Amino acid sequence: MDGRFRKVFVAGHKGLVGSAIVRRLERDGIEPLVVDRHALDLRDQRAVDQWFAKARPDAVILAAAKVGGIHANNTRPVEFLLDNLRIQNAVIPAAHAHGVRKLVFLGSSCIYPKLAPQPIQESALLTGPLEPTNDAYALAKIAGIRLCQAYRQQHAFEAISLMPTNLYGPNDNFHPIDSHVLPGLIRRFHEAQNAGAERIVIWGSGTPRREFLHVDDLADACIFLLANYDSGEVINVGVGKDISILELAQLIAKIVGFRGTIEHDLSKPDGTPRKLLDVGKLSALGWTARIGLEEGIAETYRWFCAHVGSVR
Ligand code: GFB
């Protein structure tokens, strides 16, 4: 961990990403600064500015966001646009105004153009139409990246923007409808297995491909880049390989022990056909992901089973 930063504020510390970053910092013996959402609504610009004036962290990892899977994004664009803009427009200006020395902003692979050439290079951003099922979220995140670049350009503020691929791991949102595909299928296969079901339905054709990065790898990359990256240009964070949704379902079935048949609900959207990230820029800096998909899903399933009564 970079010795320049002793008071690191993890915004969104209870979420999938935030809780992984807290675990990663604590591994370095650093107790991060956190604040519960009932004590501070990160969408409230005045309250956030007053909090920063008192707390005065020296680094910020902005892991707080309104996130969700394809269904949530497709049906609630107002929240995905407004909540994310409000959080970004509160935290980033307050960080600059109150002496924060470095801020890490998190974008997402889904904000690249729907049909970007694969694997997707960072230069593809804003070169084509967005994926309609999540364009509200994507525009909010693109605005956040541009705000970080504007503060760097106008005030020499050290803000960096990472572009993680699809994430999964402990403390994810396993909601049957609003979750991302990997946790959503873990819950569905688990419940089908427990119910002795002979068939299971997944959404869409199963042909889209997705890249999955364990959240502990993302957290490690965040700390690595906090110390080793200082540019306004976005940087991809991924594993460099992908899997079809059907292959993912078959892998989760194997891990859960479900032996029934997998069927498709073609009334549900496929979303973007592929969004594999080019991770050449990150690997050139000396970082690569370590957690393999099968071991990562198995560990996540163990966590899910141990917390099934309280998961989101
Ligand atoms: O993770 P996911 O919901 O979103 O994956 P995206 C959607 C893909 O998985 C589609 C299929 O092809 C779905 O048809 N799928 C199959 C399912 N069964 C299920 C299921 O039970 N639940 C879900 N959720 N999908 C997201 C963006 O796109 O990527 C977010 O919408 C975010 O904004 C995230 O950025 C990283 O990967 O398509």
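Further up the page is the structure itself.
Residues numbered from 1 in each chain as written. Predicted model: local features only at pLDDT ≥ 70, side-chain atom pairs only at ≥ 80, totals over all residues. Heavy atoms only, no water.

A tally of helices and strands in the protein chain yields ten helices and eleven strands. The globule rule puts the C-alpha radius of gyration for 312 residues at 20 Å, and the 19 Å found for the protein chain is close to it. Taking the principal axes of its C-alpha atoms as reference, the protein chain extends roughly 60 × 40 × 40 Å. Looking at the protein chain residue by residue over its 312 residues, the buried ones come to 53%. Of the contacts made within the protein chain by residues no fewer than 6 positions apart, 82% connect residues no fewer than 24 positions apart. Accessible area of the protein chain: about 13,500 Å², with a carbon and sulfur share of 52%. Taking the average place of the 36 positive charges on the side chains of the protein chain and the average place of its 34 negative ones, the gap between the two points comes to 3 Å. (Helix = DSSP H or I, 4+ residues; strand = E, 2+ residues; numbered from the N terminus. Rg over C-alpha atoms; globule rule 2.2 N^0.38 Å. Buried < 20%, exposed > 50% of the residue type's maximum accessible area, 1.4 Å probe, protein only. Contact = heavy atoms within 4.5 Å. Areas by Shrake-Rupley, 256 points an atom, 1.4 Å probe, with all protein chains shown as cover. Lys, Arg positive; Asp, Glu negative; His and termini not counted. Charge placed at Lys NZ, Arg CZ, Asp CG, Glu CD.)

It is worth spelling out the site of the ligand at this point. Neighbouring the ligand are 23 residues, the closest being Cys110, Asn166, Arg188, Pro269 and Asp270. With respect to the ligand, the side chain of Ser108 contributes an N or O atom lying 3.0 Å from an oxygen atom. With respect to the ligand, the backbone of Trp203 contributes an N or O atom lying 3.1 Å from a nitrogen atom. Against a free-state accessible area of 700 Å², the protein chains account for coverage of 97% of the ligand. Of all the elements in the fold, those that place two or more residues in the shell around the ligand are helix H3 (70-75), helix H6 (181-195) and strand E6 (199-203). Broken down by element, the residue count for the shell around the ligand peaks at three residues, all from H6. When the residues that make up the shell around the ligand are grouped by side-chain class, the tally is ten nonpolar, nine polar and four charged. (Near = heavy atom within 4 Å. Polar contact = N/O pair within 3.5 Å; in protein donor to acceptor, adjacent residues only side chain to side chain. Nonpolar A, V, L, I, M, F, W, Y, C, P; charged D, E, K, R; others polar.)

Bringing unusual backbone geometry into the picture now. Cis geometry is adopted by the peptide bond preceding Pro119, which originates at Gln118 and carries an omega value of -10°. Mapped onto the secondary structure, Pro119 falls in the loop between strand E3 (102-106) and helix H5 (135-155). For Arg56, which is not a glycine, the phi torsion comes out positive at approximately 45°. Assignment of secondary structure puts Arg56 in the loop between helix H2 (45-55) and strand E2 (59-62). Its relative accessible area of 44% is what places Arg56 among the partly exposed residues. You will see that Asn171, though not glycine, has its phi angle at about 75°, which is positive. Structurally, Asn171 can be placed in the loop between strand E5 (166-168) and H6. Its relative accessible area of 22% is what places Asn171 among the partly exposed residues.

Turning our attention to the pairing of E2. Neither face of E2 is left uncovered, since the one carrying Ala59 and Ile61 and the one carrying Val60 and Leu62 both have all their residues buried. Bridge analysis of strand E1 (residues 8-11) against E2 gives four bridges, and the strand direction is parallel. Residue pairing in the sheet places Ala11 in a bridge with Leu62 of E2. Of the strand pairs in this sheet, E2 and E3 are connected by four bridges, and their pairing is parallel. For Leu62, the partnering residue across the bridge sits in E3 and is Phe105. (Pairing = 2+ DSSP bridges.)

Bringing the packing of helix H1 (residues 16-27) against helix H7 (residues 215-228) into the picture now. Axes are the key here: two packed helices are described by the angle between their axes and the distance separating the axes. In contact at an axis separation of 8 Å, H1 and H7 are set at 60° when each is read in the N-to-C sense. Here H1 is positioned oblique relative to H7, judged by the angle of their axes. In terms of crossing hand, the pair formed by H1 and H7 is right-handed. Mapping the contact onto sequence places Leu16, Val17, Ala20, Ile21, Arg23, Arg24, Leu25 and Arg27 in H1 and Val215, Asp216, Leu218, Ala219, Asp220, Cys222 and Ile223 in H7. A breakdown of the residues in the contact of H1 with H7 according to their chemical character gives ten nonpolar, no polar and five charged. (Axes fitted to C-alpha atoms, helices over the stretch in contact; angles between N-to-C directions. Parallel < 35°, antiparallel > 145°, perpendicular 65-115°, else oblique. Left-handed = near helix turned anticlockwise from the far one by under 90°.)

Attention now moves to the nonpolar core. By size, the foremost hydrophobic cluster in this structure holds 43 residues, and its most contacted members are Leu42, Phe52, Val91 and Leu103. Every element with two or more residues in this core is listed here: E1, H2, E2, helix H4 (77-97), E3, H5 and strand E4 (159-164). Broken down by element, the residue count for this core peaks at seven residues, all from H4. Excluding residues within four positions of it along the chain, Leu42 makes contact with Phe9, Ala11, Gly12, Val48, Ala64, Arg86, Ile87, Ala90 and Val91. Of all hydrophobic cores here, the second largest spans 33 residues; its members include Leu25, Leu106, Phe224 and Val237. (Core = buried A, V, L, I, M, F, W, Y, C linked by side-chain atoms within 4.5 Å.)

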